[in-house]
Amino acid sequence: MLMDKYLWLIPALPLGGFFILALIGKNMSRTWVATVGAGSICLSALVTFVVGGAFLSGMPENTVYTQTLWTWFEVGEFSAKITLSLDVLSLVFVFVITFIGALIHIYSTAFMEADRDYARFFASMNLFVFSMLVLVLADNLLLMYLGWEGVGLCSYLLIGFWYEQPTNGNAARKAFTVTRIGDAAMAIGLFMVFQQAGTLVVSDIGANASVIWQPNSATVTITALLLLAGGLGKSAQLPLQTWLPDAMAGPSPVSALIHAATMVTAGVYLVARMHTIFALSETARLVVAIIGAATLLLAGLTALTQYDIKRVLAYSTISQIGYMFLALGVGAWTAAVFHFMIHAFFKALLFLAAGAIIESLHHEHNMFKMGGLKDKMPVVFWTFLAGAISLAAVPLISAGFYSKDQILWYSWSADGGSPVLWAVALAGALITATYTTRMMILTFWGESHTHIGHLPGKRMTVPLVVLAVFSVFAGFIELPHNFGHFTLFSDFLHPVLPETAMQENIPSEWLFQLLAALATLGGIFLGYYYYYQQPARIASLRQNGLLVRLYRFWFSGWAFDALYDRMLVRPFVFIARINKSDITDKLYTGISGMTGEMYKLLSRTQSGSLRWYIMGLVVGAILILGIQIML
Amino acid sequence: MKTSVSAEVVVLLAGLLFALGIVGVIIRKNIVFMLLSVEIMLNASGLAFVAAGSRWGQPDGQVMFVFILAMAAAEVSIGLALILQIYHQHKSLDIDNLKEMNG
Amino acid sequence: MMLVLLITVLMAGAVVAVLAGEWNRNFPRWIALVACVIGLLLVITLWAGTGHSVADSQWLMDYRKEWIPSFGITFHLAVDGLSLLLLALTFFLGVLAVLCSWDEIRERTGFYYFNLLWILAGVAGVFMAMDLFLFYFFWEVMLIPMYFLIGIWGSENRVYAAYKFFIFTQASGLLMFLAILGLYFIHGRDTGTYTFGYFELVNTVIPFKTAFWLMSGFMIAFAVKLPVFPFHTWLPDAHGEAPTAGSLILAGLLLKTGAYGMLRFVVPLFPEAVKEMAVPAMVLGVVGVIYGAVMAYSQTDLKRLVAFTSVSHMGFVITGIFALNELALQGVVMQLVTHALSTGALFLMAGMIKERLHTRDIEQMGGLWSPMPRMGSVGLVFAMASLGLPGLGNFVAEFLILLGVFQAQAWITVAAASGLIFSAVYSLRIVGKIFLGPRKTMETVPDFSPREMLIMAALTVSVVWLGLFPQPVIDTAKPAITELVRFMDVQNTASHDQSYVK
């Protein structure tokens, strides 16, 4: 059965929820707000299952569901339509958005219960889900840009949700502005694409890319890099990563949904969606890979030093998205999308669990003030553990292992891979395991430092458990080539994303898996050793001046904030401030001032002295006569 | 009784009188004397007209002189009236003390 | 005849209002409202009546009568799609301007509404006049009542602002009049018929050098009105000091007359000079975009801030006009309409906040979301509109302009795109300073009254509608724009003897 005429329902339901809540949410009871808010997303998830199921069953390959709703605008040869299109790639994203979105909404109904702006929260969340769905379902880049900016707006609204705290508002503003820098570059990228391809429809561009662009030409590289800039902003990659840690000012479900599972991976989606352009430019792909590798290392090291649990998770998110960019850069498109999905499960889980902890500990974010929660909050502990082993990529038993191992393997062996990229990724794996262990031990073991309030209820724990199950088992849909060679997920994506091209003469995959496992275990041991077995060692490390300075440097996020502050923000504010009264106005006030001065000068001659007047008269007459005689 | 004086000499005299008048207007501080100087200037120009009329043998010069006489009479009467008013109001005929309309 | 009616209904309403104001000070606002609503209905019927089936000619309606035949001056009104859109905007904003002055103006209401309607009549005339003398006449008609509006009903520094506004527009208007006369005499000398008629003058063959100077005369008048950097400095003062309705009309309509003048007169009259000046003009536009945005960021007076955002947005307009292709010109038309709505709404909001807090200083606001969630949401929508969020009308406009400019001069688009970042910076500053953060004052502030809600809802719906369904506007303007583009293309290839109209 063809279900494509119901496609519009998937984004329309959250939009409907948004309108109801935005218009009359103030007058609705909390139960109704929760029902509408979470219900719209659950319904949307349900429609996704139905439509997605129909899409998958009995369809020939390469089928795409498209549904044109109306023509947005049409000028000359330019035409943009509101057209939704569902293919396997967008299906993965739609599934993650609606399914995880629904779980997070259910969780939020309990988490935000006490907040006075309950309706505003759900309205913003619904609008976010709508925008995100538009982003991934758009069949042309302009509609995608609509979703792209829409999620940015919702991110702004939700980071600044508790707006009375000035720091929250500033964090929201920072997030929007920094991502906007990438968006502006992306807009220029759209103009370039249109100028060269004459269309913004993704499938048309993809089909004709090799005709439109010369491989490795400067134009295709510039186009790809401009599009990439948009992705870097949204996905918080170097050099636009600074907004994400501050974005943790929002409520935890927001961090889970927007800043871990969905919006921050929009950059991954964009690059994967436009892979035909990136495939044509080796330089662009190399840039993607290098940025990914650099980001994952930098963010991982920063995560090691943080003490706010949400900031650890934020830097870990940046780092994990770095892995996805690395995979995209080396041409392992499916591996990136696979890691995206697994990461969405376990990172959403970790944020939700962290939110539950923070809520129970009266809004305490500092891990050093937690501790000993293992027995007091067992459900949270076990689910958090499931997420943590997936994040640390504990071999064989976690989903994260399968997805990350694949990236590690490709970062050496794929066409664009190299030993250096692999080494960075491996080091990143070690660091990931270390900071994950550190976080686990500080939070759940040791003595408890803070009194525990009420424990999370069913509406919060059920989503945790569901996500925990996925975090552990979802990896089995894609097993490495050397054991099982079970490639359900990548086969599923191949209608859209090409196979990863491999190098020749590569070492055995077993070796890589062994090294990856060792890195993980080594990282766990390091964390265990320093934070559980020998905590005194940390104190002795603190004596070393060099290490302390390094620690401070990492802790500040490699001083990027200070750098941007000095380089961009302060000069801008300085210029704006000194020019507040508008220097160009001086031109006109200057003219009027000059007129005034002239008037004063001339009025001095009007002294009232009759004899001077006559003198002037006579002199003038003589002058005129003289001139006349002379000529 | 016919002594012929060349027109040039008369015009020179007129110019001299006119210059004297101007100097008088400029250097005198008393308004009455200034008015007097203006009269001298008027008469100087009248003299120039008469000389020119006799030089060209035209009656226009004398017509103009009569016109100037009439005008001078009118001017003097208004001027003296104004001076009287000024003296009433300011108790002074010094033109430098009457600088009110500056600026 | 309908076109004359559009102007007379406003002028007659104005006279009746000032007379009725002697009786009762509540009469004038009702009369003004009725006059504007009648005008709006007339425009809508005109729009509906012509439909979109205007394939053969760009002109929808024409009215012509001799006025001063000895000088070749006619009373000639005509509308095409572009005029029609701007007329609809005029009357729509006219209704809103009357509504927003409803309680704000309590003194000399008769004369106030007289001025308001007289400005609207002038603006409507400017959008319809097809005789250059008549155009100049209406150009001046809208000027003097605006001077009174600012000078009498403005805030503290109103007299200075009114003078500045008057001198800037009047001086530049005189330059335009000189250029009109120059054109008149050149055309008369060449053809023997002395006329101010637009359709005759548009085919005048002018030597390049002369054309350049005549164009400068027109351009300066329009550039001051638009305003283009560096002629913008009257705008913040005028906006800042004008009453709310004055700011609304200034931003929504008077600025648009500058852009309209460029589209209607400068480009068709002096095609070659325009092409020659295209790049410098676009650069000025981009400088305006960035300069206005930076200035907006630095302001603390809310109305001055919004005024500088206008400078920034109007920079896009001039950049788009001189890109001279269909995409950019359609974007310009959209920008004219959407900017009127979004900036108008921000000015209205500034006025409403001032009524409540008695200040325009954003440093003294803050945290207003909690007492006024409705105003907060609406304010957010319009801040987003001004930063060009997709889904709202301004995005369509800015996107089309930038896309069109990219085809003409790619590097200019790159520079102008930085305006997207700066616009985000100042728009979020507006939202942050007014609505977010802790409360600065503890006095109770009421949320929107029903009247205010009606105004804002009308604007919000319009701007969202234009963002999602902009096609009717694009289609309406299309004949005029394609004709203009075709004419410029013809100019590119052939020589002068191609005619612009008919």
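Just so it is clear, the model here is predicted, and its values are computed rather than measured. Here, residues in each chain are numbered from 1, in the same order as that chain's written sequence. Chains and ligands are labelled sequentially in the order written, the chains with letters from A and the ligands with numbers from 1. Residues qualify for local features only when their pLDDT is at least 70, as the model is predicted, and side-chain atom pairs are given and counted only at 80 or more; totals for whole chains, interfaces and linings, by contrast, use all residues.

**Quick look at the overall build of chain A**
Move 1: In terms of helices and strands, chain A carries 27 helices and two strands.
Move 2: Looking at chain A residue by residue over its 631 residues, the buried ones come to 56%.
Move 3: For chain A, the proportion of contacts with a sequence separation of at least 24, taken over those separated by at least 6, is 81%. Each helix corresponds to a stretch of at least 4 residues labelled H or I by DSSP, and each strand to a stretch of at least 2 residues labelled E; elements are numbered beginning at the N terminus. Once C-beta atoms are placed from the backbone, each residue is buried if 20 or more other C-beta atoms lie within 10 Å of its own, exposed if 12 or fewer, and partly exposed for counts between those two. Any residue pair is listed as a contact if its two C-beta atoms, each placed from the backbone, are within 7 Å.

**Some details on the overall build of chain C**
Move 1: When you go through chain C residue by residue, the secondary structure sums to 19 helices and two strands.
Move 2: In terms of C-alpha radius of gyration, chain C reaches 22 Å, essentially the compact-globule figure of 23 Å for 502 residues.
Move 3: By its C-alpha atoms, chain C is 70 × 55 × 45 Å across when sized along the principal axes.
Move 4: For chain C, with 502 residues in total, the buried portion stands at 62%.
Move 5: Taking as baseline every contact in chain C between residues at least 6 positions apart, the subset at least 24 positions apart corresponds to 80%. Based on C-alpha atoms, the radius of gyration is set beside the globule rule, defined as 2.2 Å times the residue count to the power 0.38.

**Here's the deal with the pairing of strand 1 (residues 65-75) of chain A**
Move 1: In this analysis, strands are considered paired if DSSP registers two or more bridges between them. Bridge analysis of strand 1 of chain A against strand 2 (residues 78-86) of chain A gives nine bridges, and the strand direction is antiparallel. Each bridged residue has a counterpart across the sheet, and for Thr68(A) the counterpart in strand 2 of chain A is Thr83(A).

**A closer look at helix 3 (residues 60-90) of chain B**
Residue and element names in this part refer to chain B.
Move 1: Expected helix span is given by 1.5 Å per residue-to-residue step, counting one fewer step than there are residues. The end-to-end C-alpha distance of helix 3 is 43 Å, a good match for the 45 Å that 31 residues give at a rise of 1.5 Å each.
Move 2: With zero of 31 residues buried, helix 3 is to be regarded as a mostly surface element.
Move 3: Following helix 3 by one or two positions, lysine 91 adopts a phi angle in the positive range, close to 55°.

**Looking at the interface of chain A and chain C**
Move 1: Each side of the interface is counted separately: chain A has 37 residues, and chain C has 38 residues.
Move 2: Of all the elements, helix 6 (residues 166-197) of chain A adds the most residues to the side of chain A that touches chain C, at 13 residues.

**Quick notes on the interface of chain B and chain A**
It is common to give the size of an interface as the accessible area that goes away when the parts come together.
Move 1: Residue-level contacts link ten residues of chain B with ten residues of chain A.
Move 2: Per-class residue counts for the side of chain B that touches chain A are five nonpolar, two polar and three charged. Under this grouping Gly is polar, as are all residues other than the nonpolar Ala, Val, Leu, Ile, Met, Phe, Trp, Tyr, Cys and Pro and the charged Asp, Glu, Lys and Arg.

**A short note on the arrangement of the chains**
Move 1: By contact count, the dominant pairing among the two pairs of chains in contact is that of chains A and C.
Move 2: Spatially, chain B is disjoint from chain C: no contact exists, and the shortest C-alpha separation is 24 Å.

**Some points on the UniProt feature "domain: NADH:quinone oxidoreductase/Mrp antiporter transmembrane" (unreviewed entry) in chain C**
Move 1: UniProt positions are given in the numbering used here, feature names are shortened, and annotations may be inferred rather than shown by experiment. This chain's UniProt record puts "domain: NADH:quinone oxidoreductase/Mrp antiporter transmembrane" (unreviewed entry) on residues 129-418 of chain C.
Move 2: Secondary structure over residues 129-418 of chain C splits into 80% helix and 0% strand, and the C-alpha atoms at its two ends are 37 Å apart.

**Some remarks on the environment of Gly522(A)**
Move 1: Mapped onto the elements of the fold, Gly522(A) is located in helix 22 (residues 509-533).
Move 2: Along the chain, Gly522(A) and His275(A) lie 247 residues apart, while their C-alpha atoms are 35 Å from each other.

**Here's the deal with the UniProt feature "domain: NADH-Ubiquinone oxidoreductase (complex I) chain 5 N-terminal" (unreviewed entry) in chain A**
Move 1: In the numbering used here, UniProt assigns the "domain: NADH-Ubiquinone oxidoreductase (complex I) chain 5 N-terminal" (unreviewed entry) feature to residues 72-122 of chain A.
Move 2: Helix makes up 57% of residues 72-122 of chain A and strand 25%, and the two end C-alpha atoms of the span are 28 Å apart.

**Some remarks on unusual backbone geometry**
Move 1: Pro239(A) follows Leu238(A) through a cis peptide bond whose omega is -5°.
Move 2: With respect to the helices and strands, Pro239(A) occurs in the loop between helix 8 (218-234) and helix 9 (243-246).
Move 3: For the bond running from Leu226(C) to Pro227(C), omega is -10°, close enough to zero to count as cis.
Move 4: Here Pro227(C) lies in the loop between helix 9 (208-225) and helix 10 (234-241).
Move 5: In this structure, Asn216(A) takes a positive phi of about 60° despite not being glycine.
Move 6: Positionally, Asn216(A) belongs in the loop between helix 7 (202-212) and helix 8.
Move 7: Classification of Asn216(A) as exposed rests on a count of 12 C-beta atoms within 10 Å.

**Structural notes on the domain arrangement of chain A**
Move 1: How far each domain reaches was decided by an automatic or database domain assignment. Assigned domains of chain A: these are domain 1 (281-540) and domain 2 (581-630).
Move 2: The C-alpha centroid of domain 2 of chain A is placed 83 Å from the C-alpha centroid of domain 1 of chain A.

**Describing the nonpolar core**
Move 1: Throughout this description, the term nonpolar core refers to a group of buried Ala, Val, Leu, Ile, Met, Phe, Trp, Tyr and Cys residues whose C-beta atoms join them within 7 Å. Counting 440 residues, the largest nonpolar core has Ala348(A) and Leu117(C) as its most contacted members.
Move 2: By residue number, the principal contributor to this core is helix 15 (residues 333-360) of chain A, which donates 21 residues.
Move 3: In this structure Leu117(C) touches Leu10(C), Gly13(C), Ala14(C), Ala17(C), Ala32(C) and Ala35(C), once residues within four positions along its chain are discounted.
Move 4: The next biggest cluster of nonpolar side chains, apart from the first, holds eleven residues, and it includes Ile31(B), Ala44(B), Leu47(B) and Phe49(B).

**Side note on the packing of helix 27 (residues 610-630) of chain A against helix 1 (residues 7-27) of chain B**
Move 1: Axes here refer to lines fitted to C-alpha atoms; in helices the fit is confined to the stretch in contact. Angles between the N-to-C directions go from 0 to 180 degrees. Contact geometry for helix 27 of chain A and helix 1 of chain B: axes closest at 8 Å, N-to-C directions at 145°. Note on element contacts: helix 1 of chain B touches helix 27 of chain A through Ile22(B), Val25(B) and Ile26(B), opposite Arg611(A), Ile614(A), Met615(A) and Val618(A).
Move 2: Of the residues belonging to the contact of helix 27 of chain A with helix 1 of chain B, the class tally is six nonpolar, no polar and one charged.

**Description of helix 16 (residues 393-408) of chain C**
Move 1: Between the first and last C-alpha of helix 16 of chain C there are 23 Å, a value that for 16 residues agrees with the 22 Å anticipated at 1.5 Å per step.
Move 2: Most of helix 16 of chain C sits out of view: 14 of its 16 residues are buried.

**A few points about the UniProt feature "domain: NADH:quinone oxidoreductase/Mrp antiporter transmembrane" (unreviewed entry) in chain A**
Move 1: The sites that carry the UniProt feature "domain: NADH:quinone oxidoreductase/Mrp antiporter transmembrane" (unreviewed entry) are, in the present numbering, residues 138-428 of chain A.
Move 2: Between the end C-alpha atoms of residues 138-428 of chain A there is a gap of 34 Å, over a span that is 77% helix and 0% strand.

**Description of the environment of Ile104(A)**
Move 1: Mapping Ile104(A) onto the fold places it in helix 3 (residues 88-111).
Move 2: Through-space distance from the C-alpha of Ile104(A) to that of Leu349(A) is 9.2 Å; in sequence the pair is 245 residues apart.

**A word on the packing of helix 15 (residues 373-386) of chain C against helix 18 (residues 450-468) of chain C**
When two helices pack together, you describe them by how their axes are tilted relative to each other and by the distance separating the axes.
Residues and elements named next belong to chain C.
Move 1: Their axes nearest at 11 Å, the elements helix 15 and helix 18 cross at an angle of 35°. Classified by chirality, the crossing of helix 18 by helix 15 is left-handed. Residues Arg374, Val378, Val381 and Ala385 of helix 15 form the contact with helix 18, whose own contacting residues are Met453, Met456, Thr460 and Val463.
Move 2: A per-class count over the contact of helix 15 with helix 18 returns six nonpolar, one polar and one charged. Helix crossings are classified by the rotation of the near helix relative to the far one: an anticlockwise turn of less than a right angle makes the crossing left-handed, while a clockwise turn makes it right-handed.

**With respect to the environment of Phe444(A)**
Residue and element names in this part refer to chain A.
Move 1: Within the secondary structure layout, phenylalanine 444 lies in helix 19 (residues 419-444).
Move 2: A tally of 23 C-beta atoms within 10 Å means that phenylalanine 444 is categorised as buried.
Move 3: As for phenylalanine 444 and methionine 367, which are separated by 77 residues in sequence, their C-alpha atoms are 9.3 Å apart.
Move 4: Phenylalanine 444 has contacts with Leu373, Lys374 and Phe381, leaving out every residue within four places of it along the chain.

**A short note on the confidence of the model for chain A**
Move 1: Per-residue confidence for chain A gives a mean pLDDT of 87, with 99% of residues at or over 70.
Move 2: For every residue, the predictor states its confidence as a pLDDT score lying anywhere from 0 to 100. Element-level pLDDT for chain A is lowest in helix 23 (residues 535-541) of chain A, with a mean of 78, against a maximum mean of 92 in helix 5 (residues 141-159) of chain A.

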